Amino acid sequence: MKPFVVKDKFIPCGRISLIGDKSIAHRALIISALSRGKTIIKNFPVHDDSLATLSVLTALGVRITRGDEQVLVWGTQGLRKPRKPIFVNNSGTTLRLILGVLAGAGFKTKVIAGKYLSARPMARVNKPLRLMGAKITAKDRGGEEYPPLVISGGNLKGIVYRLPVASAQVKSAILLAGLSALGKTRVIECISTRDHTERMLKAFGANITVNKNSITLRPDRGLTSPGQIQIPGDISSAAFLAVLAIIIPGSKIVIERVSLNPSRCGIINILKRMGAKIKVVPFKGDELQSFEPMGNLTVISGKLKATVVNPSEIPSLIDEIPVLMVAACFAEGRTIIKGAGELRFKETDRINSMVVNLKSMQADIRLIKSGDLENIVIKGKGFLNGTKLKSFGDHRTAMSMVVAALAAKGSSRLDYISCISKSFPSFLTALNTLLRS
Ligand code: S3P
């Protein structure tokens, strides 16, 4: 594996459009596959995770054709038992959502995951699906369940389920299973999480209602394709570029057609609260072409002040916390990120990966336990020092550390960066675009 060296520094300037949002892409593929009619998915992102969902659906008998930045899904009213175990690579969203689908299918499937996903907990999704009637066996270790899994689906009944962890993946798996269950399914969230599944099911004609933290699905009508879906740019990918522009003096960038779904905008809200100059211009009406809000972001460099991120805000920026930690190193004062414990269950333990890296760059960073909550405390020094860094095989740690290295004094060397192909393979191209414009 070739290390990645950051030594030349630059001032990000110019306009950029990003590939489609990863979370929305998974749902667009799966829900189109379960619907009557053909669906064209525009601005479809091609990366390891979206391709994992695409290949799993193909193995289940769904016809999908790929064109230039779009895919065409031929909706099916029935999935086919796969000929061999299905492989979800390291895509947690693919695995958890597809378990919801397989819970309702009348056959047995073995699901195998890649190295990183095989170490991530699955009991949180297996438990509610078993309550609905699915039979699931998994690797058992220390009271937790891990892939590989074997699932036998069919004959489900709807449940009322209060989520013990704030997880959009688990919520979505239950709702997808609810599509083929007898009776209504209700999911009650402890803290609201991203609502892409609810929005998309509604757009495909499902009888779904949302009342504050409670989502009710009645499986009384089949899904019908709206014909086409426009996927907005990925706010999680935009976050790396936005933080870079904020912390490098003299920067000004415009990120076009990015997702502005309120359940994903935590990073924008918190950076603005820290004093970042971010102008949000939402699209309206015809410009929108999507049931997901989107718009342009203009980001200008400037000074940041520390803030406190509360546990209720965490799901709205769960994937952006690593790069927020980088921003906090450049802010004046003590930033506290409260209740960030879920970060330990991502592709790697992201609290550990970020603390190890930022400490090696001389950041002042501490972890404090407060009851059940795990809090990250960063005292901004206004600088980081370049050094040897590690991606831990995790795409978001890798990209956060490239941002940190570009803003740091001196050069840095990152051990392994190809893991960024999981969500943002054009990350380095995007940086080059902002360098040249
Ligand atoms: C996702 C939900 C989040 C997020 C993940 C994608 C989704 O996970 O971290 O990258 O698409 O539903 P949890 O909701 O399980 O925390």
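Residues numbered from 1 in each chain as written. Predicted model: local features only at pLDDT ≥ 70, side-chain atom pairs only at ≥ 80, totals over all residues. Heavy atoms only, no water.

### Observations concerning empty space enclosed by the protein
Evaluated as defined, the whole model comprises two cavities of 30 Å³ or more. Quantified by volume, the largest cavity comes out at close to 50 Å³. Forming the boundary of the largest cavity are Ile235, Ala238, Ala239, Ala242, Ile267, Ile268, Leu271, Ile278 and Leu297. Roughly 30 Å³ of internal volume is contained in the second largest cavity. (1 Å grid on protein atoms, 1.4 Å probe; cavity = no way out; pocket = protein on both sides within 12 Å on 5 of 7 lines; lining within 4 Å. Points joined across faces, edges and corners; volume = space filled by probe spheres on them.)

### Some words on the site of the ligand
The environment of the ligand is formed by Ser23, Arg27, Thr93, Ala166, Ser167, Ala168, Gln169, Arg194, Ile318, Asp319 and Lys346. The protein chains hide 94% of the 380 Å² of surface that the ligand would expose on its own. Of all the cavities here, the one that holds the ligand is the largest pocket. Taken together, the elements giving at least two residues each to the shell around the ligand come down to α1 (22–33) and α5 (168–178). Split into classes, the residues belonging to the shell around the ligand amount to three nonpolar, four polar and four charged. When residues of the shell around the ligand are assigned to domains, at least three fall in each of domain 1 (4–19 + 233–436) and domain 2 (22–218). (Near = heavy atom within 4 Å. Areas by Shrake-Rupley, 256 points an atom, 1.4 Å probe, with all protein chains shown as cover. Sits in = over half its atoms within 2 Å of the grid points. Helix = DSSP H or I, 4+ residues; strand = E, 2+ residues; numbered from the N terminus. Nonpolar A, V, L, I, M, F, W, Y, C, P; charged D, E, K, R; others polar. Domains from an automatic or database assignment.)

### A word on the packing of α1 against helix α3 (residues 92–103)
Two elements in contact, α1 and α3, have axes whose closest approach is 11 Å; the angle formed by their N-to-C orientations is 25°. When the axes of α1 and α3 are compared, the pair comes out roughly parallel. Relative to α3, the crossing made by α1 is right-handed. Taken together, the residues of α3 that come into contact with α1 (itself represented by His26, Arg27 and Ile30) are Thr93, Thr94, Leu97, Ile98 and Val101. Partitioned by chemical class, the residues of the contact of α1 with α3 number four nonpolar, three polar and one charged. (Axes fitted to C-alpha atoms, helices over the stretch in contact; angles between N-to-C directions. Parallel < 35°, antiparallel > 145°, perpendicular 65-115°, else oblique. Left-handed = near helix turned anticlockwise from the far one by under 90°. Contact = heavy atoms within 4.5 Å.)

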